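Overview (structure and organization)
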Amino acid sequence: MGELMRLLVVGAGEMGRWVADAIAASPDAFDGDVSVTFADADREVAEDAAATRDAAVYPSDAEPGSEGPFDAVCLAVPIPAVEPAIAEWAPAADGALFDVAGTMGLPLSAMRSAAAEADGTVREYGSFHPLFAPPRTPGTVAFVPGEDGPLLSGVREAIRAGGNEVFETTAAEHDAAMETVQASAHAAILAYGLVAADADVREEFHTPVSERLEGLVETVTEGSPDVYADIQLAFDGAESVAAAASRIADARGDREAFRTLYREAGTARRRERHE
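Residues numbered from 1 in each chain as written. Predicted model: local features only at pLDDT ≥ 70, side-chain atom pairs only at ≥ 80, totals over all residues. Heavy atoms only, no water.

**Considering the pairing of strand S2 (residues 33-39)**
The buried fraction of S2 is high, at five of seven residues. Of the pairings in the sheet, the one linking strand S1 (residues 4-10) to S2 comprises seven bridges and is parallel in character. Opposite valine 10, over in S2, you have alanine 39 as the bridge partner. Read from S1 through helix H1 (residues 14-24) to S2, the crossover connection turns out right-handed. Where S2 meets strand S3 (residues 55-57), three bridges bridge the pair, whose relative direction is parallel. In the sheet register, phenylalanine 38 faces S3, and the bridge partner there is valine 57. The β-α-β motif built from S2, the intervening helix H2 (residues 43-51) and the parallel element S3 has right-handed crossover chirality. (Buried < 20%, exposed > 50% of the residue type's maximum accessible area, 1.4 Å probe, protein only. Helix = DSSP H or I, 4+ residues; strand = E, 2+ residues; numbered from the N terminus. Pairing = 2+ DSSP bridges. Right-handed = clockwise from strand over helix to strand, strands pointing away.)

Dropping the structure here:
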């Protein structure tokens, strides 16, 4: 890796800045210093990210891969943009390529192809998914290695140094889990938020349960609607919530049916806690 680890972050939004900050704060993870360069489709966004950090901006008139090379390239772009971004920016990566898009199956497949060298060697590549919004760091980060190595090991060490937990999984396990913990969870919270907005309930009436739900609605809606829309497009999940809501609606007027639904949900939760 040498004395200077050169990192290019493609996508200078909140997540790209989080990656840059985490890595720049832990140069020891790379046995030297770290330099950061930002690239973004909106140059002003990249300039804003660089202005408050000791970072550079990728020249707007330069083709991807024409500057550098960089030891590592991180794709911190929205889910729909990650595959074309990998193809576009992979030539800039001299050592490692990784993403933080939030889905793993398709990006890993794209990186597998993009990381292969003409001589048959494969650059390091892998996929990270911070399971939180950057303002709520530290948190848990899922990781799937493609071709692991010292650079990606350094990235993991830097992320852990910020107080985060990094755990290894598979692309299939991750993407299946996101259908429940992201797509379905967000859809259920959004549904409550829409119902509550129409009901216009006075604050004094809220219960401990509804207060928690109000807080979750605030959490889900405080970020960019585009990000949450991308999650719903990438993962099935809203359909499951709709089907569950239909079962609840069908149980209206049937006390035993409601009791069965509550027992079913409670049993599932208890089983998960003991597994």
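**Re the environment of aspartate 48**
Turning to its location among the elements, aspartate 48 is positioned in helix H2. Note: C-alpha distance between aspartate 48 and glutamate 214 (166 residues apart in sequence) is 33 Å.

**What to know about the packing of helix H6 (residues 171-199) against helix H9 (residues 238-250)**
Two numbers describe how H6 lies on H9: the axes approach to 7 Å, and their chain directions differ by 50°. With respect to H9, the element H6 is oriented oblique. The two elements H6 and H9 meet at a crossing, and its hand is right-handed. Seen from H6, the contacting residues are Ala183, Ser184, Ala187 and Ala188; seen from H9, they are Ala238, Ser240 and Val241. Residues that form the contact of H6 with H9 fall into these classes: five nonpolar, two polar and no charged. (Axes fitted to C-alpha atoms, helices over the stretch in contact; angles between N-to-C directions. Parallel < 35°, antiparallel > 145°, perpendicular 65-115°, else oblique. Left-handed = near helix turned anticlockwise from the far one by under 90°. Contact = heavy atoms within 4.5 Å. Nonpolar A, V, L, I, M, F, W, Y, C, P; charged D, E, K, R; others polar.)

**Observations regarding the packing of aromatic side chains**
What the rule picks out here adds up to five aromatic pairs. Between the aromatic rings of tryptophan 18 and phenylalanine 132, the centroid separation amounts to 5.6 Å while the plane-to-plane angle is 80°, which identifies the pairing as edge-to-face. Residue tryptophan 18 is found in helix H1, and its partner phenylalanine 132 is found in the loop between strand S6 (124-130) and strand S7 (140-147); the two are separated by 114 residues along the sequence. Per residue, the accessibility class of tryptophan 18 equals that of phenylalanine 132, and both read buried. Seen in terms of ring centroids, phenylalanine 98 and phenylalanine 128 are 5.6 Å apart; in terms of plane orientation they differ by 75°. Their pairing is edge-to-face. In this pair, phenylalanine 98 sits in strand S5 (residues 93-99) while phenylalanine 128 sits in strand S6, placing the two residues 30 residues apart along the sequence. This pair shows no difference in class: phenylalanine 98 is buried, exactly as phenylalanine 128 is. Aromatic rings pair up to connect Tyr58, Phe70 and Trp89 into one cluster. (Phe/Tyr/Trp six-rings, centres within 6.5 Å; stacked < 30°, edge-to-face > 60°.)

**Considering the domain arrangement of the chain**
Considered domain by domain, the chain is made up of domain 1 (5-169) and domain 2 (172-272). Averaged C-alpha coordinates put domain 1 and domain 2 at centres separated by 32 Å. Contacts between the two partners involve 12 residues from domain 1 and, on the opposite side, 10 residues from domain 2. Interface area for domain 1 against domain 2, summed over the two sides, is near 830 Å², with a carbon-plus-sulfur share of 53%. Among the residues domain 1 hides against domain 2, the three largest losses belong to Ile79, Arg136 and Thr169. Together they make up 46% of the total. Across the contact surface, domain 1 and domain 2 share one salt bridge. (Domains from an automatic or database assignment. Buried area = accessible area lost by both parts, 1.4 Å probe. Salt bridge = Lys/Arg side-chain N within 4 Å of Asp/Glu carboxyl O.)

**Re the nonpolar core**
In terms of nonpolar packing, the biggest core is built from 33 residues, with Met5, Leu7, Ile23, Phe30, Phe38, Phe98 and Phe128 touching the most fellow members. For this core, the secondary-structure elements that each account for two or more residues are S1, H1, S2, H2, strand S4 (70-75), S5, S7 and helix H5 (150-161). Counting residues in each nonpolar core, the second largest holds 28 residues, with Ala62, Phe70, Val82 and Ala85 among its members. (Core = buried A, V, L, I, M, F, W, Y, C linked by side-chain atoms within 4.5 Å.)

**What about the pattern of salt bridges?**
Counted according to the given criterion, the structure contains 10 salt bridges. Aspartate 148 is the partner of arginine 156 in a salt bridge, and the nearest nitrogen-oxygen pair spans 3.0 Å. Given a relative accessible area of 13%, arginine 156 falls into the buried group. A relative accessible area of 35% means that aspartate 148 is categorised as partly exposed. As a salt-bridge pair, glutamate 256 and arginine 263 come within 2.9 Å of each other at their nearest N and O atoms. Note on glutamate 256: relative accessible area 38%, which makes it partly exposed. Taking the relative accessible area as the measure of exposure, arginine 263 reaches 41% and is therefore partly exposed. In the salt-bridge network here, residues are joined through shared partners; they are Glu256, Arg259 and Arg263.

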